[in-house]
Amino acid sequence: MSQEILTELNKLYPIHFIKTEAVTDEIFRCISEEGNYFARITNYKSFDEQLEEVNYTDFLYKKGLGVSPTISSFNGNTVEKLIYNNRELLTVLYKAAPGVHLPRNQWNVDILKELGRQIGKLHRLSRKFEELYPIKHINDWHDNEEYNFLKYIPEEESTIRDVAEEVLSTIKQIPQNNSNYGLLHGDLWLENILVDENSNVTMVDFQDCEKHYYIYDLAVPIYSAVEYSFAGGGNIAEYGRGITKAIIEGYQEENDLPLETLDKLPLFIKLKELFEYNIMHMYWDKEKLTEEQIRIMNHFRIRIELESSFFES
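Residues numbered from 1 in each chain as written. Predicted model: local features only at pLDDT ≥ 70, side-chain atom pairs only at ≥ 80, totals over all residues. Heavy atoms only, no water.

Engineer: How should the overall build of the chain be read in this particular structure?
Structural biologist: Tallying secondary structure elements over the chain gives 10 helices and 10 strands in all. The C-alpha radius of gyration computed for the chain amounts to 20 Å, which stays within 12% of the reference 20 Å derived for 313 residues, consistent with globular compactness. Structurally, the chain occupies a C-alpha span of about 55 × 50 × 40 Å along its principal axes. When each of the 313 residues of the chain is scored for burial, the buried share is 50%. Residue pairs in contact within the chain that sit at least 24 positions apart in sequence constitute 73% of those at least 6 positions apart. When the accessible surface of the chain is summed, it comes to about 15,400 Å², and 47% of that surface belongs to carbon and sulfur atoms. Taking the average place of the 32 positive charges on the side chains of the chain and the average place of its 53 negative ones, the gap between the two points comes to 3 Å. (Helix = DSSP H or I, 4+ residues; strand = E, 2+ residues; numbered from the N terminus. Rg over C-alpha atoms; globule rule 2.2 N^0.38 Å. Buried < 20%, exposed > 50% of the residue type's maximum accessible area, 1.4 Å probe, protein only. Contact = heavy atoms within 4.5 Å. Areas by Shrake-Rupley, 256 points an atom, 1.4 Å probe, with all protein chains shown as cover. Lys, Arg positive; Asp, Glu negative; His and termini not counted. Charge placed at Lys NZ, Arg CZ, Asp CG, Glu CD.)

Below is the structure:
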């Protein structure tokens, strides 16, 4: 199907692509003489949602944040329609971001502090964007299906359902204001962050951007760093605290983070943990779970039921 994608993209864009390669079911690497690009081809979100997302990320790029710029089509559109597998899908073309996905042992304190700075800058610019262009189509977090925990977590898992209900209820009661709530990335796993040779950070894949409490954009990379980059050689709780300190210190150089917000970080890490567990129930085939999937689900069950966290002192 790469040839079909190649033909369609060459019809749409003022770049001559020589080759396309599937990275995922929705992302294609597009190779041209001018350089590399990535095409996202999906109906995961509506045209209006994707256009609002692209307007957001292009605004961030123009303000100097490390994000990938979009490429307009011959028609001057940043979101285009494309026929693939006999279906009409939406496509967005991005210039390839500089940098690489760091190996797990290279996520040091300095780079994590720089990541914190960039997230702080992201949230400052997000507030500005919303002042200029009020959000009409991108969802608030609790309206996204992935947070519908009680729909997907089985009734027999009563302890986890109780934890999920309490976490959701507690977070929804937090008063919202411009300083703690707004448009954000929403999925800042380390895999969505590229780092160049000068330790400059680029954030990619804003497909899950949403309106949420800003602290969530800190909870996700902290959670991800412990899940992904800790490989022994010390105490995991101390490692988690070290990562947290570095990211928060970087963030505070670019943006305010009130103490009452910071105190809620463990709550939002628990939300992320429940989110990941819910995703398993939403998308994994319960009748065909692999041994690795069973192991992962049991690991989450134990951690959530015990209400333990790597990040609590």
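Engineer: What is the right way to read a negative patch on the surface from this model?
Structural biologist: Where like charges cluster on the molecular surface, the negative patch consists of D162, E165, E166 and E307. Here D162 is to be found in helix α5 (residues 158-172). (Patch = residues over 30% accessible without salt bridge, like charges linked within 9 Å, V, L, I, M, F, W, Y side chains within 5 Å. Salt bridge = Lys/Arg side-chain N within 4 Å of Asp/Glu carboxyl O.)

Engineer: What exactly am I supposed to notice about the environment of N178 here?
Structural biologist: Examined against the element boundaries, N178 turns out to sit in the loop between α5 and β7 (181-184). In this structure the C-alpha to C-alpha distance between N178 and N278, which are 100 residues apart in sequence, comes to 29 Å. Here N178 is in contact with R127 and Y214, once residues within four sequence places are set aside.

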